[in-house]
Amino acid sequence: MSRLRKLLENILRGSSDANIKFRDLRRLLKVFGFEERVRGDHYIYSRLDIPEIMNLQPKGAFAKPYQVRQVRNLVLEYRLGGEL
């Protein structure tokens, strides 16, 4: 099983939102086809066919738990993840 697949499963399971590394979350969004813009410590992700814009900020080396939940909701709503 690939590392990104395991990451996606951890995100979808929702049991370890505080333990998701920020760089891994960034990599996952890029694999899903999101474009990344960086302004300071704000990482902004957008995709043409998805109206929501994700604005993520790191908390040390980890992603903030509420932002992991936002990514999970986005994955579920738009059925992302088939690419892995």
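Keep in mind the model is a prediction, meaning the values are calculated, not measured.

**Quick word on the sheet that holds strand S1 (residues 35–39)**
Strand pairing within a sheet occurs via backbone hydrogen bonds; the two strands may be parallel or antiparallel. Pairing in this open sheet of three strands is antiparallel, and the strands run S1-S2-S3 from one edge to the other. In this open sheet, the two strands that pair with only one neighbour each are S1 and strand S3 (50–56). The sheet shows a mean angle of 20° between the axes of neighbouring strands, direction not considered. Sheet topology note: the S1/strand S2 (residues 42–47) ladder contains five bridges and is antiparallel. Following the sheet pairing, Val38 is matched in S2 by Tyr43. Strand contacts of helix H2 (residues 22–31): S1, S2 and S3, with the helix running at about 20° to S2, the strand carrying the most contacts.

**Examining the confidence of the model for the protein**
When the pLDDT values of the protein are averaged, the result is 94; 96% of them are 70 or greater. Mean pLDDT values over the elements of the protein span from 94, in helix H1 (residues 3–13), up to 98, in S2.

Parameters and conventions
- Residues numbered from 1 in each chain as written.
- Predicted model: local features only at pLDDT ≥ 70, side-chain atom pairs only at ≥ 80, totals over all residues.
- Heavy atoms only, no water.
- Pairing = 2+ DSSP bridges.
- Helix = DSSP H or I, 4+ residues; strand = E, 2+ residues; numbered from the N terminus.
- Axes fitted to C-alpha atoms, helices over the stretch in contact; angles between N-to-C directions.
- Contact = heavy atoms within 4.5 Å.
- pLDDT = per-residue confidence, 0-100.

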